[in-house]
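# Geometric and topological summary
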Amino acid sequence: MPIDKSVSTFEEAVSDIPDGASIMIGGFGGAGGMPHRLMLALVAQGARELTIIGNTAGIAAPTGFGWPEGETPIDHAILIENGQVAKVIASFPVSGSVSRQNAFEQAFNRGEIELEVVPQGTLAERIRAGGAGIPAFYTPTAAGTDLAKGQESRVFDGRESVLELGMRADFALIRAHKADRVGNLIYSGTSRSFNMPMATAADVTIAEVDEIVETGDIDPERVNTPGIYVNRVVARATDR
Amino acid sequence: MPIDKSVSTFEEAVSDIPDGASIMIGGFGGAGGMPHRLMLALVAQGARELTIIGNTAGIAAPTGFGWPEGETPIDHAILIENGQVAKVIASFPVSGSVSRQNAFEQAFNRGEIELEVVPQGTLAERIRAGGAGIPAFYTPTAAGTDLAKGQESRVFDGRESVLELGMRADFALIRAHKADRVGNLIYSGTSRSFNMPMATAADVTIAEVDEIVETGDIDPERVNTPGIYVNRVVARATDR
Amino acid sequence: MSMPQDPAPRLERDILAMRVAREFNDGDVVNLGIGIPTLCSDFVPPGVQLLYHSESGVLNCGPLAADGQGNVDLINAGGQFLEPVPGMSFFDSAEAFAMIRGGHIDVTVLGSLQVSATGDMANWFLPSRGVGNVGGAMDLAGGAKKVIAAMEHNDRTGASKIVQECSYPLTSQGCVSLIVTDIAVFNVDENGLELIEVAPGWAPENISAVTDAQFEVAHDIKEFELL
Amino acid sequence: MSMPQDPAPRLERDILAMRVAREFNDGDVVNLGIGIPTLCSDFVPPGVQLLYHSESGVLNCGPLAADGQGNVDLINAGGQFLEPVPGMSFFDSAEAFAMIRGGHIDVTVLGSLQVSATGDMANWFLPSRGVGNVGGAMDLAGGAKKVIAAMEHNDRTGASKIVQECSYPLTSQGCVSLIVTDIAVFNVDENGLELIEVAPGWAPENISAVTDAQFEVAHDIKEFELL
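Residues numbered from 1 in each chain as written. Chains lettered and ligands numbered in written order. Predicted model: local features only at pLDDT ≥ 70, side-chain atom pairs only at ≥ 80, totals over all residues. Heavy atoms only, no water.

### Points about the overall build of chain A
Quick note on the threshold: Helix numbers and strand numbers start at the N terminus; a helix is a DSSP run of H or I with at least 4 residues, a strand a run of E with at least 2. Atoms considered for the radius of gyration are the C-alpha atoms alone. The globule rule reads 2.2 Å times the number of residues to the power 0.38. Note on classification: 1.4 Å probe, protein chains only; a residue is buried when its accessible area is under 20% of the maximum for its type, exposed when over 50%, partly exposed between these limits. Contacts: residue pairs with any heavy atoms within 4.5 Å of one another. Residue burial considers only the protein chains on display, and all accessible areas are found by Shrake-Rupley using a 1.4 Å probe. Counted charges follow a simple rule, with Lys and Arg positive, Asp and Glu negative, and His plus the chain ends left uncounted. Where a charge lies is defined by one atom per residue type, namely NZ (Lys), CZ (Arg), CG (Asp) and CD (Glu).
In terms of regular secondary structure, chain A is built from seven helices and 13 strands. Taken over C-alpha atoms, the radius of gyration comes to 18 Å for chain A, in line with the 18 Å a tight globule of 240 residues would show. Taken over the C-alpha atoms alone, chain A extends approximately 55 × 40 × 35 Å along its principal axes. Looking at chain A as a whole, 64% of its 240 residues are labelled buried. At a minimum sequence separation of 6, the contacts of chain A that also span at least 24 residues come to 78%. A total of about 8,200 Å² of accessible surface is found on chain A, and carbon and sulfur atoms cover 45% of it. Charged side chains of chain A number 20 positive and 31 negative; the gap between the two group centres comes to 2 Å.

### Concerning a negative patch on the surface
What counts is decided by this rule: Patch membership requires more than 30% relative accessible area and the absence of a salt bridge. Residues of like charge join within 9 Å; the nonpolar side chains Val, Leu, Ile, Met, Phe, Trp and Tyr join within 5 Å. Any carboxyl oxygen of Asp or Glu that lies within 4 Å of a side-chain nitrogen of Lys or Arg is treated as forming a salt bridge with it.
A cluster of acidic residues, C:Asp189, C:Glu190, C:Glu194, C:Glu216 and C:Asp220, forms a negative patch on the protein surface. Turning to its location among the elements, C:Glu190 is positioned in the loop between β11 (184-189) and β12 (192-198).

### Comments concerning the nonpolar core
The cut-off we apply is this: The term nonpolar core refers to a set of buried residues drawn from Ala, Val, Leu, Ile, Met, Phe, Trp, Tyr and Cys, joined through side-chain atoms within 4.5 Å.
Counting residues in hydrophobic clusters, the biggest one holds 202 residues, and the most contacted among them are A:Leu185, B:Leu185, C:Phe24, C:Ile179, D:Phe24 and D:Ile179. Apart from the residues within four sequence positions on either side, D:Ile179 is in contact with D:Val115, D:Ala149, D:Met151, D:Ile162, D:Ala184, D:Val185, D:Phe186, D:Val188 and D:Leu193.

### Quick notes on the environment of C:Gly192
Residues and elements named next belong to chain C. Within the element layout of this structure, Gly192 appears in strand β12. Each C-alpha atom, one on Gly192 and one on Thr157, is 25 Å from the other, the two residues being 35 residues apart in sequence. The residues contacting Gly192, other than those within four sequence positions of it, are Ala117 and Asn187.

### Remarks on helix α1 (residues 13-21) of chain C
Burial in α1(C) covers these residues: C:Leu16, C:Ala17, C:Arg19, C:Val20 and C:Ala21. Contact partners of the buried residues in α1(C): α2 (36-39), β5 (107-110), β8 (146-150), β10 (176-180), β11 and β12 of chain C.

### Some points on unusual backbone geometry
Positive phi values are uncommon outside glycine, yet A:Ser193 reaches one of about 30°. Exposure remark for A:Ser193: the relative accessible area of 0% places this residue in the buried category.

### Thoughts on the interface of chain D and chain A
Put simply, the rule is: A 1.4 Å probe defines the accessible area here, and the buried area is the portion of it lost by two parts on being joined, summed over both.
Taken together, the contact pairs 23 residues of chain D with 23 residues of chain A. Summed over both sides, the interface between chain D and chain A buries roughly 1,700 Å², with carbon and sulfur atoms accounting for 63% of that surface. When the buried surface of chain D facing chain A is broken down by residue, D:Phe90, D:Arg101 and D:His104 rank first, second and third, together holding 29% of it. Linking chain D to chain A there are zero salt bridges. Elements supplying a minimum of two residues to the side of chain D that touches chain A: β2 (51-54), β4 (89-90) and α3 (93-101) of chain D.

### Some words on the side chain of D:Arg101
Rule in force here: Within 3.5 Å is the distance limit for a polar contact, defined as a pair of N or O atoms, with the added protein rule that one can donate a hydrogen and the other accept it, and that residues adjacent in sequence qualify only through two side-chain atoms.
Mapped onto the fold, D:Arg101 is located in helix α3. There is a polar contact of 2.7 Å between the side chain of D:Arg101 and the backbone oxygen of A:Ala132. In this structure D:Arg101 touches A:Ala132, A:Gly133, A:Ile134, B:Gly121, B:Thr122, B:Glu125, B:Thr139, B:Pro140, B:Thr141 and D:Gly143, once residues within four positions along its chain are discounted.

### Some thoughts on the environment of B:Ala44
Residues and elements named next belong to chain B. When you line up the elements, Ala44 lands in helix α2 (residues 36-45). Exposure remark for Ala44: the relative accessible area of 66% places this residue in the exposed category. With 30 residues separating them in the primary sequence, Ala44 and Val14 have C-alpha atoms 9.8 Å apart.

### Points about the pairing of strand β8 (residues 146-150) of chain D
All names here are of chain D. To keep things clear, this is the line we draw: The rule for pairing is simple: two strands pair if DSSP sees at least two bridges between them.
Buried residues dominate β8, accounting for four of its five residues. By the bridge criterion, four bridges tie β8 to strand β10 (residues 176-180) in an arrangement that is parallel. Bridge pairing in β10 places Ala150 opposite Val180.

### A short note on the environment of D:Gly102
Tracing the backbone shows D:Gly102 in the loop between α3 and β5 (107-110). Put simply, D:Gly102 and D:Gly62 are 40 residues apart on the chain and 23 Å apart in space, counted from C-alpha to C-alpha. Not counting the four nearest positions on each side in its chain, D:Gly102 is found in contact with A:Gly131, A:Ala132, A:Gly133, A:Arg168 and D:Phe97.

### Thoughts on the sheet that holds strand β13 (residues 215-223) of chain D
Strands belonging to one sheet form pairs held by backbone hydrogen bonds; the direction of such a pair is parallel or antiparallel. All names here are of chain D. Read from one edge of the open sheet, 10 strands run β4-β3-β2-β1-β5-β8-β10-β11-β12-β13, paired in mixed fashion. The outermost strands of the open sheet, each flanked by one partner alone, are β4 and β13. In this structure, strand β12 (residues 192-198) lies alongside β13, joined through five bridges in parallel fashion. If you follow Leu195 over to β13, its bridge partner there is Val217.

### What about the sheet that holds strand β12 (residues 211-213) of chain B?
All names here are of chain B. With mixed pairing, three strands are arranged side by side in an open sheet as β10-β9-β12. Lying at the two open borders of the sheet, with one neighbouring strand each, are β10 (185-186) and β12. Sheet topology note: the strand β9 (residues 178-180)/β12 ladder contains three bridges and is parallel. Within β12, the residue paired with Ala179 across the bridge is Ile212.

### Focus: the interface of chain C and chain A
Across the boundary between the two partners, chain C contributes 37 residues, which contact 48 residues of chain A. Carbon and sulfur atoms supply 60% of the area that chain C and chain A bury against each other, a total of about 3,200 Å² over both sides. When the buried area of chain C at its contact with chain A is split by residue, C:Arg101, C:Arg129 and C:Asn133 rank highest and sum to 21% of it. Along the contact surface separating chain C from chain A lie two salt bridges. We note a salt bridge from A:Glu125 to C:Arg101, for which the minimum N-O separation is 3.9 Å. At the boundary of chain C and chain A, one finds 20 residue pairs in polar contact (both at pLDDT 80 or more). Considering every element that reaches the side of chain C that touches chain A, the biggest residue donor is helix α3 (residues 93-101) of chain C, with four residues.

### Considering the state of the cysteines
Defined simply, a disulfide is a covalent bond joining two cysteines at their sulfur atoms. Residue and element names in this part refer to chain C. Stated formally: Cysteine sulfur atoms that pair up within 2.5 Å are treated as a disulfide.
The tally for this structure, following the rule as stated, stands at zero disulfides over all chains. Here Cys61 stays unpaired: no disulfide links it, and the sulfur of Cys40, its closest cysteine neighbor, is 14 Å away. Summary of cysteine pairing: Cys175 is not part of a disulfide, and the nearest cysteine sulfur, belonging to Cys166, is at 9.0 Å.

### Overview of the pattern of salt bridges
Tallying each qualifying case throughout the model produces 50 salt bridges over all chains. In this structure, C:Arg10 engages C:Asp6 in a salt bridge whose closest nitrogen and oxygen atoms are separated by 2.8 Å. A single salt-bridge network, built from bridges that share partners, covers A:Lys87, A:Glu114, A:Glu116, A:Arg126 and A:Glu164.

### Comments concerning the side chain of D:Asn123
Residues and elements named next belong to chain D. On the secondary structure map, Asn123 appears in the loop between β7 (121-122) and α4 (137-143). A polar contact is formed between the side chain of Asn123 and the backbone oxygen of Gly111, at a distance of 3.0 Å. Here the side chain of Asn123 touches Thr171 through a polar contact of 2.6 Å, side chain to side chain.

### Quick look at the packing of helix α6 (residues 120-132) of chain A against α3(C)
Short version of the rule: To get an axis, a line is fitted to the C-alpha atoms, and for a helix only the part in contact is used. The angle between two axes follows their N-to-C directions and goes from 0 to 180 degrees. Just so you know how the angles are binned, under 35 degrees is roughly parallel, over 145 roughly antiparallel, 65 to 115 roughly perpendicular, and the rest oblique. Should the near helix be turned anticlockwise from the far one by less than a right angle, the crossing is left-handed, and should it be turned clockwise, the crossing is right-handed. Residues are grouped as follows: Ala, Val, Leu, Ile, Met, Phe, Trp, Tyr, Cys and Pro are nonpolar; Asp, Glu, Lys and Arg are charged; every other residue, Gly included, is polar.
It is the contact of α6(A) with α3(C), at a shortest axis distance of 8 Å, that shows an interaxial angle of 125°. Regarding the angle of α6(A) to α3(C), the classification is oblique. Between α6(A) and α3(C) the crossing geometry is left-handed. Judged by residue contacts, A:Gln120, A:Gly121, A:Thr122, A:Ala124, A:Glu125 and A:Arg128 of α6(A) engage C:Ser93, C:Ala94, C:Phe97 and C:Arg101 from α3(C). Residue composition of the contact of α6(A) with α3(C), grouped by class: three nonpolar, four polar and three charged.

### Comments concerning the pairing of β2(D)
A regular strand places its side chains on the two faces of the sheet in alternate fashion. Residues and elements named next belong to chain D. Judged by which residues are buried, β2 turns out to be covered on both faces: Leu51 and His53 on one side and Tyr52 and Ser54 on the other are all buried. Strand direction decides the pairing type here: strand β1 (residues 29-32) and β2, joined by two bridges, are parallel. Bridge pairing in β2 links Val30 to Tyr52. Inspection of the sheet shows β2 paired to strand β3 (residues 58-59) by two bridges, in the antiparallel sense. Bridged to Ser54 within β3 is Val58. From the end of β2 to the start of β3, which pair antiparallel, there are three residues, and Gly57 there has a positive phi angle of about 110°.

### Observations concerning the confidence of the model for chain C
Rule in force here: The predictor's confidence in any single residue is recorded as pLDDT, a number from 0 to 100.
For chain C, per-residue confidence averages 95 on the pLDDT scale, and residues scoring 70 or more make up 99% of the total. For this predicted complex, the interface score ipTM comes out at 0.97, alongside a pTM of 0.97.

Next comes the structure, spelled out in structure tokens:
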């Protein structure tokens, strides 16, 4: 039987996510590259005490970041508003404006949610390292700042660098354009973002795609995420 | 004036490589992905005391590795036979058979050339790190072996890992399929190999390609090495 | 807080951006932060071709898309929709920051809350808010070959944004090599600030009166050079 | 060196490969080393679909190309030309080894010079040559979830390749969990070797006579299981 990682429904795709799971959520922060349907399914599924790892913690609702005018943004806020999130790891957790608070900031200010802020490049690199079997690396980013407080540092070539650990999660919810049945993925434009590194760094990687095509219908030169990293693919039946 | 990184001749492309330079040479070891024309130009140019960084040190001549039957392999051996190489850093420096010595092994046995053997994955990762501003990283590969002797190690999650340094070079000679004038590159099949990480890790990256096309003629989704990493591109006017 | 009277108008944001754009050299890879820095792309000198990098994962990107023409899969780091241009390439976030951290960005222009006399930058955390977005600021400030701070000289309360030492949490130490404000241009190195240009009608002592940091005055100090 | 007489013929390389192939589960990502391991792909059980990984930078790769049909841009790690198959993907060496090191390879089958009683593998350096190819061996041996050593039980001089402690330089410590030779199959863990299968006509004491390592004998020891 040829390998087939396709799953019929979003509900089925997220059904085994337990309370307390760590979940990477792909995308950069806008509509592109965000696995909305998987997130909606996770709200319906109801797992709680989640640790959410993402570039943002859901900034689109108050700002429209990366969303077409007139559309209602869907992002991490739906999980936070549903009380499912215990902790967030992000580089850009809140909106750019103090006067437009997102659901995360409100929950954070109420003391309901824990936050770890990580520089965007360090977050991406920690996730890549987690997927690539690199337990730790040094980076000059954040050396000498509050974000490096309590972390080991060391000087290489005259430059202070901070020791950072590879990061993995139990699940990665990612968004791609197309998948084949082996799990090979291609993305559109800037929607590669955190989806590509996250695909590599979770025990179970679940990809939401526009379309699942037959194996062989994706040009092997065009594959962005090889199927080795992907456990389940699920297609949007209709447009969102 | 639009950006144009194209250079007319292989001679011109390598003309400023000085004696003592460190040079990454792309490819996996066979004909595919090997920058033969640049290497031939470097032989003609004559720079000496070079440090050559590559997956192999030229194994194709005695073995036919990755070469079509009947063709005469051209690889690192031409630089070694011309007395231009002082040191080699490689994962697969010699042929698989003791009875078929390559030019490197002969020179090594005569004591004319220095060797640093690095596991293939660690070599690729050190080069990627060099290009990505990661001064050092830990890897479990080689822990407890002779190749980690004298290196720092440390236990993460119960597993001993070795501290490895990012690696850069003065020049990278790489081989791609097509370039545009901005220096965006695409490769064919398994010829990405060491070409892609090396492109990122040299002060001057020079790409030998089959064809230079106008900017805009490469699908942005298909670009493997963005032009940011590439300094010069030079096309094969005719077949080797 | 009682402020000295300005001797002449402060420059428009466009003029500030125009001054910054003079720093770009042909072929530079440039990453522009949100706000004033973004404006710099409108004033690139003739004959200077730049490769724009965005940490959203696109190189050689172009102008903003026309209203209503946006594509959610082609955004800049500010979440704005871009127009596709020939020669673009796309990459993921790990690669976008490999480029930044690896020193492949020639110039970044960043807004800032404070810049210190030794080039420390503080632009990610306002203590009064209690939570902040670091985003790519630390990577850019620490990774680009040249970091230009482009900002108003004083904040809305009149406080100097150029300070002897930053009181806000740092983004990166000693990273800024040029500060361009709406009244002055400073070179910065580990020895301190050098005032090299002033807005029309401003003398060094006027600048000093609104600046909470010591600085040297260049012997060949000029008015803002825009050409 | 005086060697005991073999009680029965040693198995062909094909049979050895067939026995290894029984270890593959449907959907496994598999990386096969050069030599005997490569043969395993000919004996994958019915109903088992594998994704083959090669450190040359291709996933889901297929059989060797027909003579003269090779493409220099489609090779395996041994430099042999491959036939293109549907569902392949290509990647660079950093990514190829991110997959290996990151634990994304379910099973690797490697030849070896020596394997120790605690699963240490030594397969990259022959001291007599003075120079060796490590290639991807250390990464694979240390990175794959399951490492199977597939090799002749004794070398050409008759010396046991299964040893109490490796005398050759190590490739990786304690990595091997199954040894399949032309006369025996051993489970390996940190406590040592357990003989679980023997070739037809071989008894544990015959194996012991040609093995320079101590081992336990499984209570349910069998003849080579090929189905």
